[in-house]
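# Structural features, examined
As a plain string of letters, each chain reads:
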Amino acid sequence: MSAVTCMLFEEHFLCSICLDVFTSPVTIPCGHTFCKNCITQNWRINRKCKCPLCKKFFNTITELHVNIFISEMAAQFRQALVMQPTDDSKPGLVSCDVCTGIKLKALKSCLVCLSSFCETHLERHQTVSGLKRHKLVNPLYNLEGRICTTHDELMELFCRTDQACVCQLCDKSEHEGHDVVPLGEECKGKKMELAKAEVKFDQMIQDRKLKIQELIQTVKHSKEAADKEAANGVYVFTALTQSVETSLAEGIEHIKLKQKTAAIKAEALVKELDHEISKLMKRSSEVKQILQSDDPLHLINNFAFLNALPPIKDWTKSSPRQPSYEGTMARAAARLKATLNKGTEKLLEAELKRVQQYAVDVTLDPKTAHPKLILSDDGKQVNHSDVQMNLPDNPERFSYRVIVLSEQSFSSGRFYYEVEVRGKTKWDLGVASGSADRKGQIASSPEAGYWTLQLRNGNEYIALANPEVVLSVRQRPHKMGVFVDYEEGLISFFDVDTTDIIYSFTGCTFTDKLHPFFSPCCNDGGDNSAPLRISVVQKMD
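Residues numbered from 1 in each chain as written. Predicted model: local features only at pLDDT ≥ 70, side-chain atom pairs only at ≥ 80, totals over all residues. Heavy atoms only, no water.

## Some points on the confidence of the model for the chain
On average, residues of the chain score 85 in pLDDT, and 90% of them are at 70 or above. The low-confidence segment residues 1-9 (pLDDT under 50) makes 10 contacts with residues lying over four places distant or belonging to another chain. (pLDDT = per-residue confidence, 0-100. Contact = heavy atoms within 4.5 Å.)

Below, the structure is given as structure tokens:
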């Protein structure tokens with residue numbers, strides 16, 4: 001039963017004598033209705049047949065019959081009250097402490113009696129001289145909790161110094177000299193703060209809803225990319241021999257597993273966001289509810305809890321990102337190229353063409369160059385000299401290994417660059433962590449912050465992984481391409497002329513900015529005097 005309906009019952013089905021729901025209601029000749037026992041006792045005591053409401057007299061006592069309709073309605077009302085919460089549980093309502101049975105809404109609270117009274121039971125405070133001196137205020141919850149335990153006075157002030165509700169006498173004694181303001185004034189300020197919190201909660205809810213949409217779109221695009229890459233793989237591998245079919249199945253399974261993992265992760269994030277939205281909506285609802293209350297103490301007692309954020313995650317730096325599927329099939333094809341060279345050429349060309357779109361302009365950083373390295377004025381070329389230059393030993397400079405890094409660094413996304421290695425018998429290329437050690441005899445390994453590939457003795461190509469990997473190449477590369485996918489943890493080395501993927505570091509975890517890494521190695525008496533040249537990327541048609 002709604003609150004409005006209950007109010008109608010209270011107006012029409014309460015006996016004006018006992019102020020309770022009708023019991024055996026009877027209607028007297030003037031049309032007014034009372035409990036049968038109430039009107040009978042009234043007439044017996046007053047010895048007059050007079051209506052207590054309209055004061056109309058009746059000459060004779062008539063036989064009283066129960067009004068069946070009103071009796072049934074009163075019974076339904078009593079049953080509905082059993083199913084409804086009491087007024088004490090409704091926000092903003094204070095019930096009369098004197099009413100028995102149905103408790104009516106209080107009009108005033110007495111600070112002396114520490115009780116709240118409805119209109120009927122308030123009458124004595126308006127007529128009895130001793131009660132007239134009692135202090136009446138608007139209805140308040142929990143009157144005893146609002147009285148100062150030291151001075152038995154109503155706590156109408158708030159001490160900002162001690163963050164406590166106090167009475168007038170407290171202000172003049174232990175809180176003298178403190179920053180004390182009326183409780184209503186403090187409540188107003190707290191309401192303003194809660195209003196701002198409500199706006200913040202609502203915005204955070206909207207932000208998380210948008211984040212859910214981004215995640216849904218990411219999963220969608222992720223699946224489209226996965227399907228596209230898988231289809232490209234099918235197109236190439238179906239033309240190959242039976243021995244390749246195993247590699248094809250493995251490649252597709254890897255893509256599906258990655259896509260499934262991404263979908264599961266996104267689903268988990270969506271659930272987490274939904275859970276946070278529920279907590280924020282609950283907190284926002286609680287704030288809305290207390291903002292509608294006129295009870296300063298109730299607001300202040302709950303302010304710290306309601307103004308604080310529930311335990312939620314900071315999503316401002318979290319952006320949905322689909323995993324990279326590109327290159328999965330290309331790397332699988334590279335491993336089989338010895339026997340499947342013809343079938344993989346188109347796929348490898350497509351892979352190189354894809355990574356070339358991430359080409360960046362790279363220049364050498366003279367502050368990092370070993371003193372025996374000579375850099376060109378445009379920062380695009382480096383070679384080794386037997387003469388060591390007198391350069392400051394700044395922290396960025398390599399002191400033992402003949403290495404130079406790029407001025408540019410990358411801490412996200414993808415990038416690609418190409419280096420001319422024609423005529424050299426030794427070189428090292430790759431990327432290095434910005435925080436990797438640069439002094440002394442450093443070890444080029446992923447653990448040390450270096451992901452590099454090297455040439456030694458003119459024909460020995462080695463990936464400096466752990467352990468080192470000796471590589472075979474179709475022909476001696478003249479131009480090397482280096483591609484990095486930071487989030488995917490991938491570094492691939494290309495022979496630009498043959499489009500071969502010579503080696504890939506996979507599953508890397510980067511936590512620092514990365515710099516392109518160059519080492520022309522020692523010139524070996526002129527045998528390795530050719531420079532390393534950073535090339536302009538000529539994208540494939």
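## A closer look at the sheet that holds strand S6 (residues 157-159)
The antiparallel open sheet is built from three strands, whose spatial order is S7-S6-S8. Only two strands of the sheet have a single partner each, and these edge strands are strand S7 (164-166) and strand S8 (180-182). Within this sheet the neighbouring strands show an average axis-to-axis angle of 35 degrees, counted without direction. Pairing analysis gives three bridges linking S6 to S8, with the strands arranged antiparallel. Pairing of Cys159 across the sheet is with Val180, part of S8. (Pairing = 2+ DSSP bridges. Helix = DSSP H or I, 4+ residues; strand = E, 2+ residues; numbered from the N terminus. Axes fitted to C-alpha atoms, helices over the stretch in contact; angles between N-to-C directions.)

## Observations concerning helix H2 (residues 36-46)
Every buried residue belonging to H2 is among Cys38, Ile39 and Trp43, and all of these are buried. With its buried residues spanning 125 degrees around the axis, H2 presents them on a single face. In H2, the exposed positions angled more than 90 degrees off the buried face are occupied by Asn37 and Ile45. Buried residues along H2 sit in contact with strand S1 (25-27) and strand S2 (33-35). After H2 finishes, the residue Arg47 shows a positive phi value of roughly 55 degrees. (Buried < 20%, exposed > 50% of the residue type's maximum accessible area, 1.4 Å probe, protein only. Arc of directions from axis to C-beta.)

## As for the environment of Arg133
As for its position among the elements, Arg133 is in the loop between helix H5 (129-132) and strand S5 (136-137). Residue classification places Arg133 among the exposed positions, given a relative accessible area of 69%. As a C-alpha pair, Arg133 and Val234 span 101 residues in sequence and 95 Å in three-dimensional space.

## Examining the pattern of salt bridges
On inspection of all chains with the given rule, the structure shows 20 salt bridges. Taking the shortest distance from any N to any O, the salt bridge between Lys288 and Asp202 comes out at 3.8 Å. Taken as a pair, Lys288 in helix H8 (residues 242-291) and Asp202 in helix H7 (residues 183-237) lie far apart in primary sequence, 86 residues in all. Residue classification places Asp202 among the partly exposed positions, given a relative accessible area of 29%. Taken together, the shared-partner salt bridges connect Arg160, Glu185, Glu186 and Lys190 into one network. (Salt bridge = Lys/Arg side-chain N within 4 Å of Asp/Glu carboxyl O.)

## Some words on the sheet that holds strand S3 (residues 108-110)
Read across the sheet, three strands follow the order S4-S3-S5 without closing on themselves; strand pairing throughout is antiparallel. For this open sheet the edge positions go to strand S4 (115-117) and S5, each flanked by a neighbour on one side alone.

## Side note on the state of the cysteines
Under the defined criterion, the tally for this structure stands at zero disulfides. As a non-bridged cysteine, Cys170 has Cys167 as the owner of its nearest cysteine sulfur, 3.5 Å distant. Judged by its relative accessible area of 4%, Cys170 is buried. No disulfide involves Cys521; its sulfur sits 7.0 Å from that of Cys522, the nearest cysteine. Here Cys521 falls in the buried class, since its relative accessible area comes to 8%. (Disulfide = S-S within 2.5 Å.)

## Digging into a nonpolar patch on the surface
Taken together, the side chains of Ile374, Met389 and Leu391 make up a nonpolar region of the molecular surface, amounting to roughly 230 Å² of accessible area. Topologically, Met389 is positioned in the loop between strand S10 (381-384) and strand S11 (404-405). (Patch = residues over 30% accessible without salt bridge, like charges linked within 9 Å, V, L, I, M, F, W, Y side chains within 5 Å. Areas by Shrake-Rupley, 256 points an atom, 1.4 Å probe, with all protein chains shown as cover.)

## Topic: the nonpolar core
A general trend in soluble globular proteins is that nonpolar side chains are found buried together. Core analysis: the biggest nonpolar cluster contains 37 residues, and Trp427, Ile491 and Phe518 have the highest contact counts within it. When residues no more than four places from it in sequence are discounted, the contact partners of Ile491 are Val431, Trp451, Val482, Phe483, Val484, Tyr503, Ser504, Phe505 and Phe510. One finds Leu157, Cys167, Val181 and Ile277 within the second-largest nonpolar core, a separate group that totals 33 residues. (Core = buried A, V, L, I, M, F, W, Y, C linked by side-chain atoms within 4.5 Å.)

## Considerations on the pairing of strand S14 (residues 450-456)
A large share of S14 lies buried, amounting to six of its seven residues. As defined by bridge partners, strand S13 (residues 427-433) adjoins S14 across six bridges and the pair is classed as antiparallel. What sits directly across from Gly430, in S14, is Thr452. In terms of strand pairing, S14 meets strand S15 (residues 460-463) through four bridges, oriented antiparallel. Bridging from a neighbouring strand, Leu455 pairs with Tyr461 of S15.

## Topic: the environment of Leu107
Mapped onto the elements of the fold, Leu107 is located in the loop between helix H3 (68-83) and S3. What makes Leu107 partly exposed here is its relative accessible area of 41%. Note: C-alpha distance between Leu107 and Val137 (30 residues apart in sequence) is 8.8 Å. For Leu107, the residues in contact, after removing those within four places along its chain, are Phe117, Cys118, Glu119, Leu122 and Pro139.

## So, the packing of aromatic side chains
Inspection of every chain in the model, using the stated rule, returns 11 aromatic pairs. Measuring from ring centre to ring centre gives 4.0 Å for Phe410 and Phe415, while their planes differ by 15 degrees; the resulting arrangement is stacked. The exposure classification of Phe410 matches that of Phe415, with both residues buried. Measuring from centroid to centroid gives 5.7 Å for Tyr450 and Phe517, while their planes differ by 75 degrees, and the two rings are edge-to-face. Here Tyr450, found in strand S14, pairs with Phe517, found in strand S20 (residues 514-519); they are 67 residues apart in sequence, far enough to count as distant. With a relative accessible area of 0%, Phe517 lands in the buried category. Three or more aromatic residues link up through ring pairs in this structure, and these residues are Trp451, Tyr486 and Phe510. Cation over ring: Lys190 sits above Phe303, and NZ or CZ is 5.1 Å from the ring centre. One residue, Arg283, lies across the ring of Phe305, its end atom 4.2 Å from the ring centre. (Phe/Tyr/Trp six-rings, centres within 6.5 Å; stacked < 30°, edge-to-face > 60°. Lys NZ or Arg CZ within 6 Å of the ring centre and 35° of its normal.)

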